[in-house]
Amino acid sequence: MHRTVLIALFCVLAAVPAWSQGQPARPQIATTKVPGTNNVYIFRNGNNQSIFVVTNEGVIATDPVAYGRPQGGAAYVEEIKKVTDKPIKYLVYSHHHFDHITGGKAFKDAGAKIVAHKRVNERLAVQNDPATPPADETFDKKRTITLGGTALELTFVGLNHSDSTLVMRLPKEKVLFVVDLLPVGQIPGRGMIDFYPLEAESSIKQILAMDWEQLVPGHPGVGDRLGTKKDVQDQLTFLQDASEAVKPLAREGKCWEPVEKELRLPKYEKWPGYEAGLPFMLRRYCGLWGRGT
Ligand SMILES: [Zn+2]
């Protein structure tokens, strides 16, 4: 096979979540309503997604999800316009990773004020990417956006998947939007590269203590389903199990190998992403218990 064809094939496969391979192809972009709400929507572009909230005074949007898609931000703005003629007042960046926030410029051009955790702007200043403008307003611990009778609570619960991740909660609708920290029904993967393992456990416990019923993940869950508190507890247990499995082996000098290549966690082998994602998990816990970071 020609090399460029092989690369194209690889890119297509890499963009498709493991659980959906073999399923019929679906549209690149889709907008759906969060069940049980009348004003909260999920915008999906490929294997990334975010929420937007429509109120009678305007729209609060989150993550443009346009990485590698120069028109993705504009396409998201167009999708919102199909639902409402109200102006987009806010865009909230979930954290600084580009696969979620690239494309913010289209929202800024549409008049939105961009809000993010303060570390996002420190990161974006280094990148200086024209498609991803810095936030107009940043904060450290907590900020609640109130618009048209709807509140969106933004909380920084500490280091976890990144050093800038916000937990977004709609108290009235009991909907949570958390990106990358809490995969729904699957094993985390390459995102472990700059993960803070111990602090993540603390973050997840804080999230479990919050009042919510449905979790929208930043990548579609298995079968596109939304998460529950049980899913979040299961992720926490998985992280704790991986950590406890690596710890004694690390002290015996078995990191990075053979742990990364040979350790298995059979309890989780049915979870999508197990084969591909487990080595990244083990590498990260080897970093913690074998190196102290
Ligand atoms: Zn991320």
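Parameters at a glance
Residue numbers restart at each chain and count upward from 1, following the sequence in its written direction. Only residues with pLDDT of at least 70 are given local features in this predicted model, and only at 80 or more are side-chain atom pairs given and counted; all residues enter the totals for whole chains, interfaces and linings. Note that the side-chain values use all heavy atoms of the structure and ignore hydrogens as well as water. Numbering of helices and strands runs from the N terminus; a helix is a DSSP stretch of H or I covering at least four residues, while a strand is a stretch of E covering at least two. Computation of the radius of gyration draws on C-alpha atoms, with the globule rule given as 2.2 Å multiplied by the number of residues to the power 0.38. Between buried and exposed lies partly exposed: a residue is buried under 20% and exposed over 50% of the maximum accessible area for its type, with that area taken using a 1.4 Å probe on protein chains only. Contacts between residues were defined by any pair of non-hydrogen atoms, one from each residue, lying within 4.5 Å. For Na, K and Ca the donor cut-off is 3.2 Å, while for other metals it is 2.8 Å, and in both cases only N, O and S atoms qualify; water is not among them, so sites may look incomplete. Irregular is the label for any site that misses the other tests, which are tetrahedral for four donors with all angles between 85 and 135 degrees, and square planar for four donors or octahedral for six when opposite donors exceed 155 degrees and the remaining angles lie between 65 and 115. Here, a salt bridge means any side-chain nitrogen of Lys or Arg that lies within 4 Å of a carboxyl oxygen of Asp or Glu. What makes two strands pair is DSSP finding at least two bridges between them. In this scheme, a helix's expected span is set at 1.5 Å multiplied by one less than its residue total. Scored from 0 to 100, pLDDT records how confident the predictor is in each individual residue. Fitted lines through C-alpha atoms give the axes, limited to the stretch in contact for helices. The angle between two N-to-C directions lies from 0 to 180 degrees. Throughout, the term roughly parallel applies to angles under 35 degrees, roughly antiparallel to angles over 145, roughly perpendicular to angles from 65 to 115, and oblique to all others. Two helices cross in a left-handed way if the nearer one is turned anticlockwise from the farther one by less than a right angle. They cross in a right-handed way if the turn is clockwise. Classes in brief: Ala, Val, Leu, Ile, Met, Phe, Trp, Tyr, Cys and Pro nonpolar; Asp, Glu, Lys and Arg charged; the others, Gly included, polar. Disulfides are defined as pairs of cysteine sulfur atoms found within 2.5 Å of each other.

## What to know about the overall build of the protein chain
Looking only at helices and strands, the protein chain features nine helices and twelve strands. Against the 2.2 N^0.38 benchmark of 19 Å for 293 residues, the protein chain shows a C-alpha radius of gyration of 19 Å, consistent with a compact globule. Seen along its three principal axes, the alpha-carbon backbone of the protein chain occupies a region of about 60 × 50 × 40 Å. Per-residue burial over the protein chain gives 50% buried out of 293 residues. Within the protein chain, residue pairs in contact and separated by at least 24 positions form 62% of the contacts whose partners lie at least 6 positions apart.

## Overview of the coordination of the zinc ion
Under ideal tetrahedral coordination, the four donors around a metal are separated by 109.5 degrees; under ideal octahedral coordination, the six donors are separated by 90 or 180 degrees. Coordination of the zinc ion by the protein comes from His 95 (NE2), His 97 (ND1), His 161 (NE2) and Asp 180 (OD), over a distance range of 2.1 to 2.2 Å. Coordination at the zinc ion comes from four donor atoms whose angles at the metal span 91 to 171°, giving a geometry best classed as irregular. Written as a sequence motif, the donor residues of the zinc ion are H-x1-H-x63-H-x18-D. Pair noted here: His 97 is in the loop between strand E5 (88-92) and helix H3 (98-101) and His 161 is in the loop between strand E9 (150-155) and strand E10 (167-170), with a separation of 64 residues, a long-range link. His 161 matches His 97 in its accessibility class, with the two residues each being buried.

## Here we look at the pattern of salt bridges
Pairing is possible between side chains that carry opposite charge, provided their charged atoms lie close to one another. Tallying each qualifying case throughout the model produces 19 salt bridges. The salt bridge partner of Arg 143 is Glu 137, with a shortest N-O separation of 2.4 Å. Asp 241 is the partner of Lys 267 in a salt bridge, and the nearest nitrogen-oxygen pair spans 2.9 Å. Linking Lys 267 in the loop between helix H8 (259-262) and helix H9 (274-291) with Asp 241 in helix H7 (residues 229-251), this pair joins segments that are 26 residues apart in sequence. Beyond isolated ion pairs, a larger network of salt bridges with shared partners links Lys 113, Glu 137 and Arg 143.

## Let's talk about the pairing of strand E2 (residues 40-45)
In terms of burial, E2 is a largely internal element, six of the six residues being buried. Side-chain alternation along E2 places Val 40, Ile 42 and Arg 44 on one buried face and Tyr 41, Phe 43 and Asn 45 on a second face that is also buried. Taken together, the five bridges between strand E1 (residues 29-33) and E2 define a ladder with antiparallel strand orientation. Each residue of the ladder has a partner; that of Thr 31, found in E2, is Phe 43.

## Overview of H9
An α-helix turns once every 3.6 residues. As a result, residues three or four positions apart point the same way. For H9, spanning 18 residues, the distance from its first C-alpha to its last is 24 Å, which sits close to the expected 26 Å at 1.5 Å a residue. Residues of H9 that are buried: Tyr 274, Gly 277, Leu 278, Met 281, Leu 282, Arg 284, Tyr 285, Cys 286, Gly 287 and Leu 288. Those residues of H9 hidden inside the fold are in contact with helix H6 (197-208), H7 and H8. The first or second residue beyond H9 is Gly 292, which carries a positive phi of 90°.

## Regarding the confidence of the model for the protein chain
Summing up the model confidence of the protein chain, the mean pLDDT is 93 and the portion of residues at 70 or higher is 92%. Here residues 1-15 scores under 50 on pLDDT; set against residues more than four positions off or in separate chains, the count is three contacts.

## A closer look at the packing of H7 against H9
One way to put it is that H7 packs onto H9 with a least axis distance of 8 Å and a crossing angle of 55°. Between H7 and H9, the angle falls in the class oblique. Along this stretch, H7 crosses H9, giving a crossing that reads as right-handed. Residue-level inspection shows Phe 238, Leu 239, Ala 242, Ser 243, Val 246, Lys 247, Ala 250 and Arg 251 of H7 in contact with H9, the latter providing Met 281, Leu 282, Tyr 285, Cys 286, Trp 289 and Gly 290. The residue makeup of the contact of H7 with H9, split by class, is ten nonpolar, two polar and two charged.

## Describing the state of the cysteines
One pass over the structure, following the stated rule, counts one disulfide. Disulfide partner of Cys 255: Cys 286, at an S-S distance of 2.0 Å. Looking down the S-S bond of the Cys 255 and Cys 286 bridge, the torsion is -75°, so its handedness is left-handed. Note that Cys 255 is positioned in the loop between H7 and H8 and Cys 286 in helix H9, a separation of 31 residues in sequence. On the basis of relative accessibility, which here comes to 22%, the residue Cys 255 falls in the partly exposed class.

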